[in-house]
Amino acid sequence: MTGVELLPLAILGGVLALDVVSFPQAMLSRPLVAATIAGAFAGSAIHGLLLGAIVELFALEMLAVGASRYPEWGSASVVGGALLASAAPADPMAPTLAAALVATLIISWIGGWSMYGLRRLNGVLARRAIPALERGEGGAVARLQLVGLTSDLLRGSLLTAAGLVVLAPLAGRVAQGSGVSPTVFGVAIWGLALAAAVSALSRIVRGSPGAGWFLAAGLAGGVALVATR
Amino acid sequence: MTAPAPASPTSPASATALPPATWAAIYLRSLAVQGSWSSELLLGPGVGFCVEPALRRLPGGVGGEPYRQALARQTRYFNAHPYLASLAIGALARAELNRVPPVQLERFRTAMCGPLGSVGDRLVWARWLPFCSAVGLLAFALGATPGAVLLIFLALYNVGHLGLRAWGLRAGWRSGLKVAGALGAAPLRQGPIYLARGVAFVAGLVLPLLLAGAVGPGRLPLAATILVALAIGATLVRLQGRVEGWRVALIALAGLALYSVR
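This brings us to the overall build of chain B. A tally of regular secondary structure across chain B gives nine helices and zero strands. Burial statistics for chain B: of 262 residues in total, 55% are counted as buried. Relative to all contacts within chain B whose residues are 6 or more apart in sequence, the contacts with residues 24 or more apart total 77%. In chain B, 23 side chains carry a positive charge and 7 a negative one; their mean positions are 12 Å apart.

All names here are of chain A. A cluster of nonpolar side chains, contributed by Leu 7, Ile 11, Val 15 and Leu 153, occupies part of the molecular surface with about 330 Å² of accessible area. Element by element, the count of residues in the nonpolar patch is highest for helix 1 (residues 3-21), at three residues. Mapped onto the secondary structure, Val 15 falls in helix 1. We classify Val 15 as partly exposed; its relative accessible area is 41%.

This brings us to the interface of chain A and chain B. Residue-level contacts link 98 residues of chain A with 87 residues of chain B. Here chain A and chain B share an interface that buries about 7800 Å² over both sides, 75% of which is from carbon and sulfur atoms. Viewed at the interface, chain B and chain A are joined by two salt bridges. Looking at the side of chain A that touches chain B, the elements that each hand over two or more residues are helix 2 (31-42), helix 3 (45-59), helix 5 (94-134), helix 6 (138-176), helix 7 (182-206) and helix 8 (211-228) of chain A. Considering every element that reaches the side of chain A that touches chain B, the biggest residue donor is helix 7 of chain A, with 21 residues. Class assignment for the residues of the side of chain A that touches chain B results in 62 nonpolar, 24 polar and 12 charged.

Our focus in this paragraph is the packing of aromatic side chains. The geometry of two aromatic rings is summed up by the distance between their centres and the angle between their planes. Residues and elements named next belong to chain B. Across all of its chains, the model carries six aromatic pairs over all chains by this definition. Summarising the aromatic geometry, the rings of Tyr 83 and Tyr 157 are spaced 6.5 Å apart at their centres and angled 65° between planes, so their arrangement reads as edge-to-face. With Tyr 83 in the loop between helix 3 (65-74) and helix 4 (85-97) and Tyr 157 in helix 6 (residues 146-175), the pair connects residues that are 74 residues apart, well separated along the chain. Neither residue differs from the other here; Tyr 83 and Tyr 157 are each classed as buried.

If you want to describe how two helices pack, look at the angle between their axes and the distance between the axes. Between helix 8 of chain A and helix 7 (residues 186-215) of chain B, whose axes approach to 7 Å, the crossing angle comes to 30°. By the criterion of interaxial angle, the relationship of helix 8 of chain A to helix 7 of chain B is roughly parallel. For helix 8 of chain A against helix 7 of chain B, the interelement crossing comes out right-handed. Residues A:Ala211, A:Phe214, A:Leu215, A:Ala217, A:Gly218, A:Leu219, A:Gly221, A:Gly222, A:Val223, A:Leu225 and A:Val226 of helix 8 of chain A pack against B:Ala196, B:Arg197, B:Ala200, B:Phe201, B:Gly204, B:Leu205, B:Pro208, B:Leu209 and B:Ala212 of helix 7 of chain B. Residues that form the contact of helix 8 of chain A with helix 7 of chain B fall into these classes: 15 nonpolar, four polar and one charged.

Judged by nonpolar contacts, the single largest core of 156 residues is most densely connected at A:Ile54, A:Leu57, A:Phe58, A:Leu101, B:Leu116, B:Tyr157 and B:Leu253. In terms of residue count, the dominant contributor to this core is helix 5 (residues 102-141) of chain B (19 residues). What A:Phe58 contacts, discounting residues up to four positions off in sequence, is A:Trp73, A:Leu101, A:Leu192, A:Ala193, A:Ala196, B:Gly245, B:Trp246 and B:Ala249.

A few words on the packing of helix 4 of chain B against helix 5 of chain B. Residues and elements named next belong to chain B. It is the contact of helix 4 with helix 5, at a shortest axis distance of 11 Å, that shows an interaxial angle of 170°. Here helix 5 runs roughly antiparallel to helix 4, going by the angle between their axes. Contact with helix 4, carried on its side by Leu 87, Ala 88, Ala 91, Leu 92, Ala 95 and Glu 96, involves Leu 105, Phe 108, Arg 109 and Leu 116 of helix 5 and no other residues of that element. Of the residues that constitute the contact of helix 4 with helix 5, the class distribution is eight nonpolar, no polar and two charged.

Take the environment of B:Ala32 next. Within the secondary structure, B:Ala32 sits in the loop between helix 1 (20-30) and helix 2 (44-55). In this structure, the C-alpha to C-alpha distance between B:Ala32 and B:Pro217, residues 185 residues apart in sequence, is 48 Å. Beyond its immediate chain neighbours, meaning those up to four positions away, B:Ala32 contacts A:Ser22, A:Phe23, A:Gln145 and A:Leu149.

Below, the discussion takes up the environment of B:Tyr259. Within the element layout of this structure, B:Tyr259 appears in helix 9 (residues 245-260). The contacts of B:Tyr259, once residues within four sequence positions are left out, are A:Gly179 and A:Val180.

Our next topic: unusual backbone geometry. Residues apart from glycine generally show negative phi values, whereas peptide bonds are mostly found in trans. Cis geometry is found at the peptide bond from A:Phe23 to A:Pro24, where omega equals -10°. Position of A:Pro24 among the secondary structure elements: in the loop between helix 1 and helix 2. With phi around 55°, A:Gln25 is a residue other than glycine that occupies positive phi space. One non-glycine residue, B:Arg99, lies in positive phi territory at about 60°. In this structure, B:Arg99 sits in the loop between helix 4 and helix 5. Given the relative accessible area of 21%, B:Arg99 is considered partly exposed.

The next subject is the side chain of B:Arg73. Within the element layout of this structure, B:Arg73 appears in helix 3. When near neighbours in sequence (up to four residues on either side) are disregarded, B:Arg73 contacts B:Glu96, B:Pro102, B:Leu105 and B:Arg109.

Parameters and conventions
- Sequence order sets the numbering: in each chain, residues are counted from 1 along the sequence as written.
- Chains and ligands are labelled sequentially in the order written, the chains with letters from A and the ligands with numbers from 1.
- Side-chain atom pairs in this predicted model are given and counted only at pLDDT of 80 or more, local residue features only at pLDDT of at least 70, and totals for whole chains, interfaces and linings cover all residues.
- Side-chain measures here rest on the full set of heavy atoms in the structure, leaving out hydrogens and waters.
- Strands here mean DSSP runs of E at least two residues long; helices mean DSSP runs of H or I at least four residues long; both are numbered from the N terminus.
- Only protein chains enter the area calculation, which uses a 1.4 Å probe; residues under 20% of their type maximum are buried, those over 50% are exposed, and those in between are partly exposed.
- The contact criterion used throughout is that any non-hydrogen atoms of two residues lie within 4.5 Å.
- Neither His nor the chain termini are counted; the positive set is Lys and Arg, and the negative set is Asp and Glu.
- For charged residues, the charge sits on one atom: NZ in Lys, CZ in Arg, CG in Asp, CD in Glu.
- Each patch groups residues whose relative accessible area exceeds 30% and which form no salt bridge, using 9 Å between like charges and 5 Å between nonpolar side chains of Val, Leu, Ile, Met, Phe, Trp and Tyr.
- We get accessible surface area from the Shrake-Rupley algorithm with a probe of 1.4 Å; when it comes to residues, only the shown protein chains can shield them.
- Salt bridge, as applied in this entry: a Lys or Arg side-chain nitrogen positioned within 4 Å of an Asp or Glu carboxyl oxygen.
- Values labelled buried area give the accessible surface lost by two parts on being combined, using a 1.4 Å probe and summing over both.
- Put simply, Ala, Val, Leu, Ile, Met, Phe, Trp, Tyr, Cys and Pro go in the nonpolar bin, Asp, Glu, Lys and Arg in the charged bin, and everything else, Gly too, in the polar bin.
- Aromatic pairs are defined between Phe, Tyr and Trp rings, using the six-membered ring for Trp, whenever the two ring centres lie within 6.5 Å; interplanar angles under 30 degrees are classed as stacked, those over 60 as edge-to-face, and all others as tilted.
- A fitted line through C-alpha atoms serves as each axis, taken over the contacting stretch for helices, and the angle formed by two N-to-C directions is quoted from 0 to 180°.
- Note that the term roughly parallel is reserved for angles under 35 degrees, roughly antiparallel for angles over 145, roughly perpendicular for angles of 65 to 115, and oblique for everything else.
- Two helices crossing with the near one rotated counterclockwise from the far one by less than a right angle form a left-handed crossing, whereas a clockwise rotation gives a right-handed crossing.
- To qualify as a nonpolar core, a set must consist of buried Ala, Val, Leu, Ile, Met, Phe, Trp, Tyr and Cys residues joined through side-chain atoms within 4.5 Å.

Below is the structure:
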């Protein structure tokens with residue numbers, strides 16, 4: 001991947017990573033959105049969307065609650081969506097899809113840790129700024145916000161760029177590997193993604209009276225739709 | 001300059017109205033309320049940053065003693081769901097302009113942390129977001145174009161997101177320190193129940209469609225995928241909170257990938 005190809009994706013990764021927590025939390029960073037946009041940047045929105053839909057099933061299981069550490073899907077989905085779209089696989093697609101998915105999951109894991117690191121950095125800066133904050137200095141508040149937002153943007157951009165540079169060659173090797181059949185890859189990808197969705201769904205249904213009946217009705221409707229298509 | 005007499009926290013009507021430009025500034029800033037999130041002060045500096053445009057209207061303006069004291073109070077430790085923080089921001093802006101005694105403001109900030117966090121997490125992260133995701137996935141499974149999928153998901157989600165922030169600011173300003181009552185509003189109380197049913201129904205529709213679209217017509221891959229999904233899904237449900245699907249997938253798929261290129 002050349003620098004010219006890398007730069008817009010790194011900026012996109014930064015902007016979408018910023019959306020996860022810092023600004024504006026409009027869910028542009030959800031895999032469904034981020035991977036599709038990255039796919040469009042890399043030449044194939046439809047491939048980005050495919051990866052985004054699969055990662056979205058995993059993301060459903062995770063709650064981004066308060067101070068907990070969770071995967072950072074924004075920049076990770078940019079990496080995965082771009083890798084899949086730039087390979088633009090025809091048939092069989094499953095090995096390339098598996099490689100892009102592994103890359104996404106690795107970056108989301110590192111991204112979660114990098115967000116934790118950023119929070120610690122923000123903490124150090126906040127502690128230093130406390131005297132100025134206690135004096136009610138508006139400039140100190142604005143500086144803290146600006147530094148926090150800029151650091152998050154940089155974090156996402158660097159993570160995306162590093163992810164693409166390091167993982168693109170590895171993903172390419174997996175796509176060309178022949179030790180596992182595409183069918184096995186396909187079964188593993190979709191089986192695992194749907195398992196995560198089942199786990200997420202069970203938490204929602206168990207905590208809500210009557211939701212189980214709605215799930216049953218939905219499943220019946222879904223099977224009927226499949227049968228009529 | 002003579003400071004206005006402290007108002008009773010139960011008389012929010014004593015604050016003057018804010019001009020639209022100030023509201024716009026507060027609203028835009030509320031989108032970055034977590035911009036400097038840290039484990040020390042959490043949302044504190046963010047709340048101060050959001051309330052600041054209103055504080056400029058205190059006697060003495062920017063840099064005046066009332067402004068400085070109020071800003072110092074509002075940047076201290078605070079925690080809430082980022083969207084529902086706007087409820088506190090509206091209430092605190094009004095209370096500061098009403099010159100409510102600092103002790104009462106501090107008590108209010110402490111009391112609001114828990115409810116604003118739990119109500120928001122339950123309504124938004126645990127219900128509204130999964131509902132919108134399921135609708136987006138349904139559009140994908142039904143063959144919508146990438147642009148249409150994005151538009152459906154983002155428009156639906158952000159009607160709720162941006163609307164909730166705007167409602168929070170308005171309700172907070174209207175109610176002042178009595179804003180806790182707004183948290184008992186029917187959509188916040190009953191919303192998660194109805195949304196859970198919505199998520200369950202839409203996800204029920206999506207799962208068979210995704211399965212059929214992904215695996216294709218072959219019976220063996222279809223059966224294998226269902227088997228993997230049910231077996232691992234049941235394990236994940238059993239170990240919920242300890243094991244997450246994405247970690248299992250990372251290990252399994254990385255193992256397969258390594259085996260593939262051996």
